[in-house]
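As a plain string of letters, each chain reads:
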Amino acid sequence: YVVFRAGTILDTVIAPTTEFVDNTILPGTTASYDVRAWDDVCGMTGPSVADNGTRLEGPDAPTGVLASNTSCDEITITWDPAPGDVTEYRVYRDGTLAGSTDPETTMFEDSPTAGVYEYTVTAFSVNCGETAPSLGETGERLPQMGQMTVTSASVDSCNGILVSWATYPGAVSYRLYRDDSPTL
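Rules of the game
Residues numbered from 1 in each chain as written. Predicted model: local features only at pLDDT ≥ 70, side-chain atom pairs only at ≥ 80, totals over all residues. Heavy atoms only, no water. Core = buried A, V, L, I, M, F, W, Y, C linked by side-chain atoms within 4.5 Å. Buried < 20%, exposed > 50% of the residue type's maximum accessible area, 1.4 Å probe, protein only. Helix = DSSP H or I, 4+ residues; strand = E, 2+ residues; numbered from the N terminus. Contact = heavy atoms within 4.5 Å. pLDDT = per-residue confidence, 0-100. Phe/Tyr/Trp six-rings, centres within 6.5 Å; stacked < 30°, edge-to-face > 60°. Lys NZ or Arg CZ within 6 Å of the ring centre and 35° of its normal. Pairing = 2+ DSSP bridges. Axes fitted to C-alpha atoms, helices over the stretch in contact; angles between N-to-C directions.

Nonpolar side chains in soluble globular proteins tend to be buried together. Counting 14 residues, the largest nonpolar core has I75, I77, W79, Y89, V91, Y119 and V121 as the members making the most contacts within it. Looking at this core, the elements with two or more residues in it are strand 7 (63-67), strand 8 (75-80), strand 9 (88-93) and strand 12 (115-125). The element that contributes the greatest number of residues to this core is strand 12, accounting for 4 residues. Leave out the neighbours within four places in its chain, and I77 touches V65, L66, A67, T106, M107, F108, D110, Y119 and V121.

Next up on the list: the confidence of the model for the protein. Here the protein averages 89 in pLDDT, while 96% of its residues score no lower than 70. Mean pLDDT across the elements of the protein ranges from a minimum in strand 18 (residues 181-182), with 70, to a maximum in strand 9, with 98.

Under the criterion given, the structure shown has 2 aromatic pairs. Both rings, one in W165 and one in Y174, keep their centres 5.3 Å apart while their planes meet at 55°; by these two values the pair is tilted. In this structure, R36 packs its charged tip against the face of F4, placed 3.9 Å from the ring centre. R90 extends its terminal NZ or CZ atom over the ring of F124, reaching a point 3.9 Å from the ring centre.

This next bit is on the sheet that holds strand 1 (residues 2-5). The antiparallel open sheet is built from 4 strands, whose spatial order is 2-1-3-6. Of all the strands in the sheet, just strand 2 (8-12) and strand 6 (51-54) have a single pairing partner and so form its edges. The average undirected angle you get between the axes of adjacent strands in this sheet is 35°. Of the strand pairs in this sheet, strand 1 and strand 3 (residues 30-36) are connected by 4 bridges, and their pairing is antiparallel. Within the sheet, the bridge partner assigned to V2 lies in strand 3 and is R36.

What follows is the structure in structure tokens.
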């Protein structure tokens, strides 16, 4: 078979193969293709009915990746949209897939255990495959605050009730409650 692009011979394909991938056309380009059969006795047939094909422009790797370092509940990863044919974004934590988003969403919330992680994002196209990963960005999930374990309130003072407790690692302030209501 002889494959033509825009009326010019592009390549030949040996029977019984009946398909050809034109990887020489630039991404984002449309061209007209037709095929003609060939044999050594009778030569070449007339052209098939031509059809247009477009080589899609695959997505670029996402840029502008940021990961939060200020939450005890999650790490928020954001990025700039990637140009091209994007089907979904894939978010990787330390090289392992953490999740994915639809092509209109450029934010992902991850809830790993407390710690520091490196995040990368790829753009995936069902037609063009997955891009290389973005540059890595470090995010940290802060440890959850636990429950105070030692609290004492004095019962032998005429000037007021002395409330005391043990320090809590990482605490920057304490809120006191009296009868389940916060005090000022």
